[in-house]
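Each chain, written out:
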Amino acid sequence: MAGTSATAVAMAAATPKEAYEISGPLDPTKFYPKSGPLPAVVEVRNQTGPWDTVGQTRMLRLSDGGHVIETITDTESPTYFAYELSDFQKLFGALVKGARAEWRFAREAEGTSIRWTYTFFGKPGRGWIVTLIVRLLWAPYMRKVLPPIVDEVSRQAAARAKA
């Protein structure tokens with residue numbers, strides 16, 4: 001099934017293993033703020049276990065009163081992590097069938113490249129609207145959100161090295 005994707009990339013001062021282990025359990029409420037019409041993540045509910053195992057699920061409550069369900073589909077430590085998003089509410093619920101987020105961690109000379117790709121799957125007849133939203137709103141949002149995540153990964157990796 002074809003979708004519309006956006007990707008953000010940033011460099012962490014960490015090994016791929018550290019980046020993988022630190023980024024997955026980060027609290028989404030601290031890194032996904034409201035931005036224009038995109039709602040913030042305000043609460044995590046019903047998490048079924050550590051956020052690192054295939055099949056784990058959780059509900060993200062959003063600042064617009066909606067929610068989305070995340071389910072881990074792939075884990076290949078320390079290089080790859082993916083989850084699917086379903087049960088979108090509000091605007092996205094009217095436009096998308098679901099989405100998929102993929103995180104890739106690759107060793108570089110400067111540290112670890114973290115590549116975050118998000119693919120939305122539009123409902124029939126709505127793909128063009130989803131494409132516009134992804135290009136105009138979601139892609140810039142990803143480029144805004146990823147650097148603080150990478151900064152936290154780098155901070156925690158440095159703290160581990162000192163311990």
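Because the structure is a prediction, the values reported are computed rather than measured. (Residues numbered from 1 in each chain as written. Predicted model: local features only at pLDDT ≥ 70, side-chain atom pairs only at ≥ 80, totals over all residues. Heavy atoms only, no water.)

### A look at the overall build of the protein
Our working rule: Secondary structure counts use DSSP, requiring at least four H or I residues in a row for a helix and at least two E residues in a row for a strand, with both numbered from the N terminus. C-alpha atoms define the radius of gyration in this analysis, and the globule rule sets the expected value at 2.2 Å times the number of residues to the power 0.38. Throughout, exposure labels follow a simple rule: accessible area from a 1.4 Å probe, protein chains only, divided by the maximum for the residue type, with under 20% read as buried, over 50% as exposed, and the rest as partly exposed. Areas reported as accessible are Shrake-Rupley estimates using a 1.4 Å probe. Residue values count occlusion only from the protein chains shown. The charge count includes Lys and Arg as positive and Asp and Glu as negative, but it does not include His or the ends of the chains. The atoms used to mark charge sites are NZ of Lys, CZ of Arg, CG of Asp and CD of Glu.
In terms of helices and strands, the protein carries 3 helices and 7 strands. Listed N to C, the secondary structure of the protein is β-α-β-β-β-β-α-β-β-α in terms of helices and strands. By the compact-globule yardstick of 15 Å for 163 residues, the protein fits well, its C-alpha radius of gyration being 16 Å. Projected onto its principal axes, the C-alpha coordinates of the protein cover approximately 50 × 30 × 30 Å. For the protein, with 163 residues in total, the buried portion stands at 47%. Put simply, the protein shows about 8,200 Å² of open surface, and 54% of that area lies on carbon and sulfur atoms. When the 20 positive and 16 negative side-chain charges of the protein are each reduced to one mean point, those points stand 6 Å apart.

### As for the pattern of salt bridges
Basically, it comes down to this: Salt bridges, as used here, are contacts in which a Lys or Arg side-chain nitrogen is within 4 Å of a carboxyl oxygen on Asp or Glu.
Inspection of every chain in the model, using the stated rule, returns 10 salt bridges. Put simply, E102 and R104 hold a salt bridge, and the shortest N to O gap is 3.8 Å. Under the relative-accessibility criterion, R104 is labelled partly exposed at 39%. The network of salt bridges with common partners includes D74, E84, R100, E102 and R104.

### A word on the side chain of H67
The cut-off we apply is this: Throughout this description, a polar contact denotes any pair of N or O atoms lying within 3.5 Å of each other; where both atoms belong to protein, one of them has to be capable of donating a hydrogen while the other can accept it, and for residues adjacent in sequence the pair is counted only when both atoms sit in side chains. The contact definition used throughout considers only heavy atoms, calling two residues in contact when any of these lie within 4.5 Å.
Turning to its location among the elements, H67 is positioned in strand β4 (residues 67–76). H67 gets classed as buried once you look at its relative accessible area, which sits at 12%. A polar side-chain atom of H67 sits 2.7 Å from a polar atom in the side chain of D87. Residues within four places of H67 in sequence aside, it is in contact with M59, L60, R61, L62, D87, F88 and Q89.

### Focus: the nonpolar core
Applicable threshold: What is meant by a nonpolar core is a set of buried Ala, Val, Leu, Ile, Met, Phe, Trp, Tyr and Cys residues, joined one to another through side-chain atoms within 4.5 Å.
Counting 46 residues, the largest nonpolar core has Y32, W103, W116, Y118, F120 and L146 as its most contacted members. A total of 13 residues in this core trace back to one element, the largest contributor, which is helix α3 (residues 127–162). Discounting chain neighbours no more than four positions away, the residues touching F120 are G3, T4, F88, F92, V96, G98, A99, V130, V134 and W138.

### Looking at a nonpolar patch on the surface
To be explicit about the condition: Surface patches are drawn from residues lacking salt bridges whose relative accessible area is over 30%; two like charges belong together within 9 Å, two nonpolar side chains (Val, Leu, Ile, Met, Phe, Trp, Tyr) within 5 Å.
The grouping of W128, L132, L136 and L137 at the surface amounts to a nonpolar patch, some 440 Å² of accessible area in total. Tracing the backbone shows L137 in helix α3.

### A short note on the sheet that holds β4
Rules: Here, strands pair whenever DSSP counts at least two bridges between them. The convention used is that axes are lines fitted to C-alpha atoms, helices contributing only their stretch in contact, and that angles between N-to-C directions extend from 0 to 180 degrees.
Ordered in space as β1-β7-β6-β5-β4-β3-β2, the 7 strands form an open sheet in which the pairing is antiparallel. Of all strands in the sheet, those bounded by a partner on one side alone are β1 (4–12) and β2 (41–45). Pairs of neighbouring strands in the sheet enclose a mean axial angle of 25°, with direction left out of account. Pairing of β2 with strand β3 (residues 57–62), which is carried by 4 bridges, proceeds in the antiparallel orientation. Bridge pairing in β3 links V41 to L62. Where helix α1 (residues 16–23) meets the sheet, it contacts β4, β5 (80–86), β6 (96–108) and β7 (111–122), and its direction lies at approximately 150° from that of β6. Together, β1, β6 and β7 form the strand contacts of α3, whose direction differs from that of β1 by roughly 15°.

The analysis is restricted to geometry; functional conclusions fall outside its scope.
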